[in-house]
Amino acid sequence: MQDKAVKIQGLTKAFGANNVLRGIDLELPRGQVTALMGANGAGKSTLVKILCGVHQANGGQISLYGSPFRPDSPAQAIRAGVVTVHQNINDGVVPDLDVASNLMLDEFAHGRGFFMNMKKIRGQARELAATIGLDVDVRRMVGELGLADRQLVAIARAMAHEPKLLILDEPTSSLSAKEAGRLFDLIDRLRDQGVAILYISHRSSDIKRIADRIVSMRDGRISGVFEEAPLDYEGAVKAMLGRAISEMKIDIPPAGAPVLQLQELALTNDSEPFSLDLCDGEVVAVTGLVGSGKSELADVLYGQKRPAAGRMLLRGAPYDPPNQAAAIRAGVFRTPKDRASNAVVQGFDITKNITLPFTRRHAWSGFLNPQSEARTTRRMVDELGIVCQHETDDISSLSGGNQQKVMVGRWMAEAANLLVLDEPFQGVDIQARRDIGSKIRETARGRATVVMVAEMDEAVEIADRIVVMVDHTIKGEHRNENLNLNMVLAQVAGAGESRQLNAG
Ligand SMILES: Nc1ncnc2c1ncn2[C@@H]1O[C@H](COP(=O)(O)OP(=O)(O)OP(=O)(O)O)[C@@H](O)[C@H]1O
Ligand SMILES: [Mg+2]
């Protein structure tokens, strides 16, 4: 069998006047994981969508084991053995069908399942789920599953096809560390079976764990190939940015007055109460494993859940929002996690997606002022570096990372008392992450800022103070200065018990 599973030559693709792929030359060897790195909007997902039959190229060739490959539809690509797990999770599953039907979906599509024997289908689905360690009742509706399980369903579905080429477009952005570990084990097995794997991610830890080679992409072209061990990760970042990454330096400002005070707050009936002051001008990162209580804390701050005990003071006055509208009225904003399912309004343009919660501020005696909306949007596009053609572009024409920036921009466009950013860096490239991080820090005065992050390097890049949550309570609090990272990481994993503020 040929060593190169896929050869791509001179591939081009434009959307209107936007030349997205400008001549891609790339080979993917069998039995190897090729990590593809590139800035938000570089064209990674567009390349993927051509390989899997969603989009058609304007020019160039692709061959699969020596034969020309030009899929007209996703079904055709799948039949040829090209299997894809997309960045936008709902592209891979049907929420209104149960897990078993989702797993066997492509069988149905081939007509083989015309007379459906549900019992047999469930049996096959169960086997399939077991091969990837997906532990879920196959009779449940996919729409009821959490994002991580939904994604594993999409991956399990892909596995039914004995793939020749498996493409994963940012598969771990919503997985817990344990789930990601399971995915990596699965990828290891497929690599051993000779599958060519194309893996797209903005996470350095993923790439370092899984890649046999790294390919960098920049502005629609391949800008670097790194194959020699040890892989030159820094070189690959430089090739994708066209320059070295800017350094982050945290200057911790003097403490401001408390904006939000949490007093003996208990998130659940059986969790330990904790107290915490969030001060004017400071940026506090809350980190913890999935299930540690970060989301519950964000829910409580934002009026989506009542605490089991304790109280909150906002600028000295009792704060107990019954719902999120009350939180917003009090100037407490939250950027949502999992933008695709929770936040992005498909069919709306960038402007509407940004100004949505504040439409009234852009209106004068009942008439909406489009200029005012456009001004706000242009400011956020500019400040956050949102890559788009025009502020009236449909949100779905933006790349994943740029949609994420719109979601952050929505809640940074107006002055807040408390800004809660829930996983703001999901799918955002490393330079954009630093740019957004500095923007958050630059604008921090006048409010308190809380950032929920699962990744420790993100916490270290953005915060004055890092708070560690375990079992729905605060187990550690650290000034972001001369940090003992190993100690903090051990604490996140549940090892450390003490809560002390290691001052400088
Ligand atoms: N359906 C579409 N219509 C118009 N423009 C599009 C469409 N899909 C993508 N684009 C544009 O193509 C460019 C590349 O987008 P793509 O999604 O391929 O980027 P990406 O490298 O995957 O970025 P990210 O890391 O943010 O996911 C962007 O400028 C985007 O706005
Ligand atoms: Mg993408």
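Residue numbers run consecutively from 1 along every chain, following the written order of its sequence. Here chains are named by letter from A upward and ligands by number from 1 upward, in the order in which they appear as written. Given that the model is predicted, a residue must reach a pLDDT of at least 70 before its local features are reported, and side-chain atom pairs must reach 80 or more before they are shown or counted; all residues, however, enter totals for whole chains, interfaces and linings. For side-chain calculations, the full set of non-hydrogen atoms in the structure is used, while hydrogens and water are omitted.

(A) Looking closely at the overall build of the chain. Looking only at helices and strands, the chain features 18 helices and 22 strands. Its C-alpha atoms give the chain a radius of gyration of 24 Å, near enough to 23 Å, the size a compact globule of 504 residues would have. C-alpha atoms of the chain, sized along the principal axes, occupy 70 × 50 × 50 Å. Counting only residues that meet the buried cut, the chain has 54% of its 504 residues in that class. Here the chain displays about 21900 Å² of accessible surface, and carbon together with sulfur accounts for 49% of that area. Taking the 59 positively charged and 62 negatively charged side chains of the chain as two groups, their mean positions are separated by 3 Å. Elements are defined by DSSP. Helices are runs of H or I of four residues or more, strands are runs of E of two residues or more, and each kind is numbered from the N terminus. When we talk radius of gyration, it's over C-alpha atoms, and the globule rule is simply 2.2 Å times the number of residues to the 0.38. Buried, partly exposed and exposed residues are distinguished by accessible area as a fraction of the type maximum, computed with a 1.4 Å probe on protein chains only: under 20%, between the cut-offs, and over 50%, respectively. Here the accessible surface of atoms and residues is derived via Shrake-Rupley with a 1.4 Å probe, and residues count as covered only by protein chains that are part of the display. Two residue types count as positive, namely Lys and Arg, and two as negative, namely Asp and Glu; His and chain ends fall outside the count. Charged side chains are reduced to one point each, which is NZ for Lys, CZ for Arg, CG for Asp and CD for Glu.

(B) Up close: the environment of G235. With respect to the helices and strands, the residue G235 is situated in helix α9 (residues 233-241). Residue class for G235 comes out buried when judged on its relative accessible area of 16%. A C-alpha to C-alpha distance of 9.8 Å links G235 and I214, two positions 21 residues apart in sequence.

(C) Focus on the site of ligand 1. The environment of ligand 1 is formed by 19 residues, the closest being K44, T46, S397, S399 and G401. Definition of a polar contact: a pair of N or O atoms within 3.5 Å, with one able to donate and the other able to accept a hydrogen when the atoms are protein atoms, and with sequence-neighbouring residues admitted only if both atoms are side-chain atoms. T46 places a side-chain nitrogen or oxygen 2.6 Å from an oxygen atom of ligand 1. Take S397: an N or O atom from its main chain is 2.6 Å from an oxygen atom of ligand 1. Against a free-state accessible area of 640 Å², the protein chains account for coverage of 85% of ligand 1. Those elements that provide at least two residues to the shell around ligand 1 are β2 (18-29), α1 (44-51) and α15 (400-412). For the shell around ligand 1, the element with the highest residue contribution is α1, accounting for three residues. Along the lines of polarity and charge, the residues of the shell around ligand 1 split into five nonpolar, 12 polar and two charged. Domain ranges listed in this record stem from an automatic or a database domain assignment. Formed jointly, the shell around ligand 1 draws a minimum of three residues from each of two domains, domain 1 (4-241) and domain 3 (332-415). Near, as used in this document, describes a residue that has one of its heavy atoms within 4 Å of the molecule or strand being considered. All residues other than Ala, Val, Leu, Ile, Met, Phe, Trp, Tyr, Cys, Pro, Asp, Glu, Lys and Arg, Gly among them, are scored as polar; the first ten of these are nonpolar and the last four charged.

(D) Just the domain arrangement of the chain, in detail. Examined at the domain level, the chain breaks down into domain 1 (4-241), domain 2 (255-327 + 447-504) and domain 3 (332-415). Should any heavy atoms of two residues lie within 4.5 Å, those residues are counted as being in contact. Taken together, the contact pairs nine residues of domain 2 with five residues of domain 3. Put simply, buried area is how much 1.4 Å-probe accessible surface two parts lose in total, over both of them, once they are put together. Both sides together, the interface formed by domain 2 and domain 3 hides about 580 Å², and carbon and sulfur atoms give 51% of it. One salt bridge in this structure joins D299 and R334, with 2.7 Å as the shortest N-O distance. Where domain 2 touches domain 3, the interface holds three residue pairs in polar contact (both at pLDDT 80 or more). For the side of domain 2 that touches domain 3, the element with the most residues is helix α10 (residues 294-301), which contributes four residues. When its residues are assigned to classes, the side of domain 2 that touches domain 3 shows six nonpolar, two polar and one charged. Criterion for a salt bridge: a side-chain nitrogen of Lys or Arg within 4 Å of a carboxyl oxygen of Asp or Glu.

(E) Up close: helix α16 (residues 430-442). By this rule, a helix spans an expected 1.5 Å times one less than how many residues it contains. For α16, with 13 residues, the first-to-last C-alpha span of 18 Å sits near the 18 Å given by 1.5 Å per residue. Across the 13 residues of α16, 10 count as buried, placing the element largely inside the fold. Three or more residues of α16 are buried, namely I430, Q431, A432, R433, R434, I436, G437, K439, I440 and R441.

(F) Region of interest: helix α7 (residues 177-192). In this model α7 runs 23 Å from its N-terminal to its C-terminal C-alpha over 16 residues, within 8% of the 22 Å that 1.5 Å per residue would give. Those residues of α7 that fall on the buried side of the exposure criterion are E179, A180, L183, F184, L186, I187, D188, L190 and R191. Those residues of α7 that are buried are in contact with β3 (33-38), α5 (118-131), α6 (147-159), β7 (165-169), β8 (196-200) and α8 (204-210). At the exit of α7 stands G194, carrying a positive phi of roughly 95°.

(G) Quick peek at the side chain of Q431. The residue Q431 is located in helix α16 in this model. Contact partners of Q431, with chain neighbours within four places excluded, come to L241, R243, I245 and S246.

(H) Region of interest: the sheet that holds strand β1 (residues 4-15). Only strands that DSSP links by at least two bridges are regarded as paired with each other. With antiparallel pairing, four strands are arranged side by side in an open sheet as β2-β1-β4-β5. With partners counted over all chains shown, the strands left at the sheet margins are β2 and β5 (67-68), one partner each. Of the pairings in the sheet, the one linking strand β4 (residues 59-64) to β5 comprises two bridges and is antiparallel in character. Pairing of S63 across the sheet is with P68, part of β5. Along the sheet, α1 contacts β1, β2 and β4; its crossing angle with β1, the most-contacted strand, is approximately 115°. Simply put, an axis is a line fit to the C-alpha atoms, just over the touching stretch for a helix, and the angle between two N-to-C directions goes from 0 to 180 degrees.

(I) Broad picture of the pattern of salt bridges. With the rule as written, the count across this model stands at 24 salt bridges. For R191, the salt bridge identified is with D212, shortest N-O distance 2.9 Å. A residue pair is termed long-range when its members are at least 10 positions apart, and R191 in helix α7 and D212 in the loop between α8 and β9 (213-218) qualify at 21 residues. Accessibility expressed as a relative area gives 16% for R191, which makes it buried. Judged by its relative accessible area of 27%, D212 falls in the partly exposed class. Its salt-bridge partner being D320, residue R306 comes within 3.1 Å of it at the nearest N-O pair. Remark: D320 occurs in the loop between β15 (317-318) and α11 (324-329) and R306 occurs in the loop between α10 and β14 (309-314); sequence separation between them is 14 residues. By relative accessible area, R306 is classed as partly exposed at 45%.

(J) Summary view of unusual backbone geometry. The residue after A229, namely P230, is reached through a cis peptide bond having omega -10°. Within the chain, R315 stands out as a residue other than glycine whose phi angle is a positive 45°. Assignment of secondary structure puts R315 in the loop between β14 and β15. Overall, R315 belongs to the partly exposed group, its relative accessible area being 42%.

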